[in-house]
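Breakdown of the fold
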Amino acid sequence: MPDGADPVQIRVIDSIATLDAGQWDALADPAGNPFVGHAFLLALEESGSAVASQGWQAQHLAVEDGEGRLIAAAPMYLKSHSQGEYVFDHGWAQAWEQAGGRYYPKLQAAVPFSPVPGPRLLTGGAIDTPRLRQALAAAMMEVARRMDLSSVHVTFCREDEQAALVEAGFLPRLGMQYHWHNDGYETFDDFLGALNSRKRKAIRKERAAVVREGLIVRALNGDDIKPRHWDAFFHFYMDTSDRKWGYPYLTREFFARLGETMANQVVLIMAEDDGQPVAGALNLVGRDCLFGRNWGCIADFRFLHFEACYYQAIDYAIAHGLSRVEAGAQGQHKVQRGYLPVATHSAHWIRDEGFRQAVENFVRREERAMRHEMEAVATQSPFRQEGDGKH
C-alpha cells in the first residue's frame with residue numbers, strides 16, 4: 001500500500017476502456033451507485049459525450065500494486081470549461097482571468113453531466129482506505145502542478161471523502177439537493193398520509209389531472225426498454241435541451257449503450273398520448289436508491305413533469321423497497337412534493353495561494369448562506385406536524 005514500504009504505481013489514464021472493468025467496479029461498487037461504474041463512464045466516453053473535443057478529456061487516476069492490480073482510482077477529467085458540472089465556479093474563473101491568471105484547463109474529479117452524490121476516491125472499502133485516499137489526493141495535486149493547471153475540483157463526493165481531501169489541503173464546499181426518503185411506506189397512499197392535508201390534496205389533484213388527460217405513464221426497466229423508446233426519449237432530450245439549456249451533451253449513442261450494457265439499472269418513465277410517446281424521465285437504480293437524471297417532453301400537459309419525475313419515482317421506490325429517491329439540484333417546488341433538502345459536498349484545490357485565500361473566503365460565506373437556506377427550506381416541509389389531521 002502507499003505507505004512507502006510496498007511498491008505502488010500511480011498512473012494517469014486517458015481512456016476508461018484501458019482499465020479492467022472488474023477491477024474498477026470492485027473499487028466503485030456500481031450496484032450501489034451506477035454512475036461511477038465502468039459501464040457508465042465507458043458509455044460516456046465511447047459515445048463521444050465525454051471526450052476531449054467536448055471539453056472532457058479523461059485523465060483517470062489509477063493506483064496499482066506491485067502486481068499491476070488496481071487498488072484505488074478516481075474518475076478525473078481535464079476540463080477546458082465549466083459546463084456539465086453543476087457545482088458552479090464560473091465566477092472563480094472570471095475573477096482569476098481578470099487578475100491575469102489562466103483558469104482553464106483544470107482537473108475535475110466527477111461523473112460528467114451527472115450531479116449525483118457518490119464516491120469519487122474509489123478504494124472498495126479497503127482497510128488502507130485513509131492512506132489510499134491521501135495517495136489519490138496527493139496525485140491529483142501533483143498532476144495539476146506538472147500540467148501547470150490552476151486547480152483541482154472533486155465534486156459531489158461523499159462527506160468522508162471531502163474530509164480526507166480537506167486534510168490534504170483542499171477547500172470544502174457545501175451544496176444542496178432534494179431527496180425523498182422512504183419511511184417504510186407500503187403504498188403511495190401511505191406516503192400521502194404522512195403529509196399535511198393541503199399538500200396531500202394538491203398532489204392527488206395533480207395526479208388526477210394527468211389521468212384526465214388520458215395519458216398512460218409507465219416505468220420501463222431491462223428488456224422492456226426497446227430501441228424505439230430510446231429514440232423517443234432522445235427526441236425529448238434534444239427538444240428540451242434546445243429550449244432550456246441550449247446545448248445537448250449526451251449523444252444518441254450514449255443512450256443506446258445504456259440500453260445495451262446497463263438496461264437492468266435503467267428505469268425509464270414514459271408517457272404516451274393515444275399511443276404516441278410525448279414525454280419521458282430517465283432514472284438509474286442502485287442497491288437502495290433511485291437516481292433521477294434527465295427529463296424531456298414534446299407536448300404541454302399540466303402536471304406531467306411532476307408525475308413523470310417525482311410521483312412515478314416515489315411509486316417505483318416504494319414498490320421495490322428503495323430507501324430514497326435523489327431528484328437532483330435546483331427546484332424548490334420539489335419540497336412541496338416530499339423531496340427535502342440535503343447537503344452535498346465538494347472539495348477544491350487552488351494552486352495559487354492568493355487566489356486560494358479569495359476562494360476560501362467565498363466558500364466560507366457561501367456555506368453560512370447555504371446552511372441558512374437549507375434551514376429555511378426545511379420549514380416548508382409538507383409533512384404533518386404533531387396535531388395535524390390525517391384527512
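Quick summary incoming for the structure in this document. (Residues numbered from 1 in each chain as written. Predicted model: local features only at pLDDT ≥ 70, side-chain atom pairs only at ≥ 80, totals over all residues. Heavy atoms only, no water.)

1. Considering the nonpolar core
Condition: Side-chain atoms within 4.5 Å are what join buried Ala, Val, Leu, Ile, Met, Phe, Trp, Tyr and Cys residues into a set we call a nonpolar core. Burial here depends on accessible area, computed with a 1.4 Å probe over protein chains only, as a share of the maximum for the residue type. Under 20% is buried, over 50% is exposed, and the range in between is partly exposed. The helix and strand labels rest on DSSP assignments: H or I over at least four residues marks a helix, E over at least two residues marks a strand, and numbering proceeds from the N terminus. Any two residues whose heavy atoms approach within 4.5 Å are treated as being in contact.
By size, the foremost hydrophobic cluster in this structure holds 47 residues, and its most contacted members are W180, F191, L290, W295, L304 and Y339. The dominant element in this core, judged by the number of residues it contributes, is helix 10 (residues 304-319), at 11 residues. The contact partners of F191, leaving out residues within four places of it in the chain, are W180, Y185, I314, I318, R337, G338 and F383.

2. Concerning the side chain of S82
Put simply, the rule reads: Think of a polar contact as two N or O atoms within 3.5 Å of one another; within protein, one of them needs to be a possible hydrogen donor and the other a possible acceptor, and neighboring residues in sequence only count if both atoms come from side chains.
When you line up the elements, S82 lands in the loop between strand 5 (76-79) and helix 3 (90-98). Exposure remark for S82: the relative accessible area of 4% places this residue in the buried category. Polar side-chain contacts of S82 include one of 2.6 Å to the side chain of D89. A distance of 2.7 Å separates a polar atom in the side chain of S82 from a polar atom in the side chain of Y104. Ignoring any residue separated from it by four or fewer positions in sequence, one finds S82 in contact with D89, H90, Y103, Y104 and K106.

3. Comments concerning the environment of A93
Mapped onto the fold, A93 is located in helix 3. When the C-alpha positions of A93 and Y103 are compared, they lie 5.4 Å apart, and in sequence the two are 10 residues distant. In contact with A93, other than residues within four places in its own chain, are Y103 and Y104.

4. Comments concerning the pairing of strand 12 (residues 289-297)
Defined as follows: For two strands to be treated as a pair, DSSP must find no fewer than two bridges joining them.
In terms of burial, strand 12 is largely enclosed, as 8 of its 9 residues are buried. In terms of strand pairing, strand 11 (residues 276-285) meets strand 12 through 6 bridges, oriented antiparallel. The residue bridging L284 from the neighbouring strand is F291, located in strand 12. Here 3 bridges tie strand 12 to strand 13 (residues 324-326), and the two strands are oriented parallel to one another. Across the sheet, L290 pairs through a bridge with V325, a residue of strand 13.

5. Focus: the packing of aromatic side chains
Short version of the rule: Pairing of aromatic side chains requires ring centres within 6.5 Å, counting the rings of Phe and Tyr and the six-membered ring of Trp. Pairs whose planes differ by under 30 degrees are stacked, by over 60 edge-to-face, and all others tilted. Charges are assigned to positions over rings by a cutoff of 6 Å between ring centre and Lys NZ or Arg CZ, combined with an angular limit of 35 degrees from the ring normal.
Per the counting criterion, the structure on display carries 25 aromatic pairs. A ring pair is formed by F40 and F254, whose centres lie 5.6 Å apart and whose planes are at 90 degrees; its orientation type is edge-to-face. In this pair, F40 sits in helix 2 (residues 38-46) while F254 sits in helix 9 (residues 252-261), placing the two residues 214 residues apart along the sequence. Here F40 falls in the buried class, since its relative accessible area comes to 4%. Put simply, the rings of F35, F40, W230, F233, F234, Y237, F254, F255 and F291 pair up and form one aromatic cluster. Directly above the ring of F188 sits R207, whose terminal nitrogen or CZ lies 4.3 Å from the centroid. Its guanidinium or amino end placed over the ring of F306, R337 lies 3.6 Å from that ring's centre, counting from NZ or CZ.

6. A word on helix 1 (residues 21-28)
The cut-off we apply is this: This arc corresponds to the set of directions leading from the helix axis out to the C-beta atoms.
Among all positions of helix 1, only Q23, W24, L27 and A28 are buried. The buried residues of helix 1 occupy an angular sector of 130 degrees when the element is viewed end-on, so they sit on one face. Looking at the buried residues of helix 1, the elements they touch are helix 2 and strand 4 (70-74). For helix 1, the side-chain oxygen to backbone nitrogen distance between the N-cap and G22 is 3.1 Å, and the N-cap itself is D20. In the stretch just after helix 1, D29 is the one whose phi turns positive, near 55 degrees.

7. Here we look at helix 7 (residues 197-212)
Operational definition: Working rule for helices: expected span equals 1.5 Å times residues minus one.
For helix 7, spanning 16 residues, the distance from its first C-alpha to its last is 22 Å, which sits close to the expected 22 Å at 1.5 Å a residue. Restricting attention to buried positions, one finds in helix 7 the residues K199, R200, I203, E206, R207, A209 and V210. Contacts made by the buried residues of helix 7 are with helix 6 (188-193), strand 9 (215-221) and helix 10. The backbone nitrogen of R198 has a side-chain oxygen 3.2 Å away, supplied by the residue at the start of helix 7, namely N196. G214, located one to two residues past helix 7, shows a positive phi value of around 80 degrees.

8. Observations concerning the packing of helix 7 against helix 10
We apply this condition: Between N-to-C directions, angles span 0 to 180 degrees; the directions come from axes that are lines fitted to C-alpha atoms, helices contributing only their stretch in contact. Just so you know how the angles are binned, under 35 degrees is roughly parallel, over 145 roughly antiparallel, 65 to 115 roughly perpendicular, and the rest oblique. In this scheme the handedness of a crossing depends on how the near helix is turned from the far one: anticlockwise by less than a right angle means left-handed, clockwise means right-handed. Three residue categories are used. Nonpolar comprises Ala, Val, Leu, Ile, Met, Phe, Trp, Tyr, Cys and Pro, charged comprises Asp, Glu, Lys and Arg, and polar comprises the others, including Gly.
Where helix 7 contacts helix 10, the two axes come as close as 10 Å, and the packing angle between them is 110 degrees. Taken together, the axes of helix 7 and helix 10 lie roughly perpendicular to each other. When the axes of helix 7 and helix 10 are compared, the crossing they make is left-handed. In this structure, helix 7 contributes I203, E206, R207 and V210 to the contact, and helix 10 contributes L304, F306, E307, Y311, Q312 and D315. In terms of residue class, the contact of helix 7 with helix 10 is built from 5 nonpolar, 1 polar and 4 charged.

Nothing here speaks to function; it is geometry throughout.
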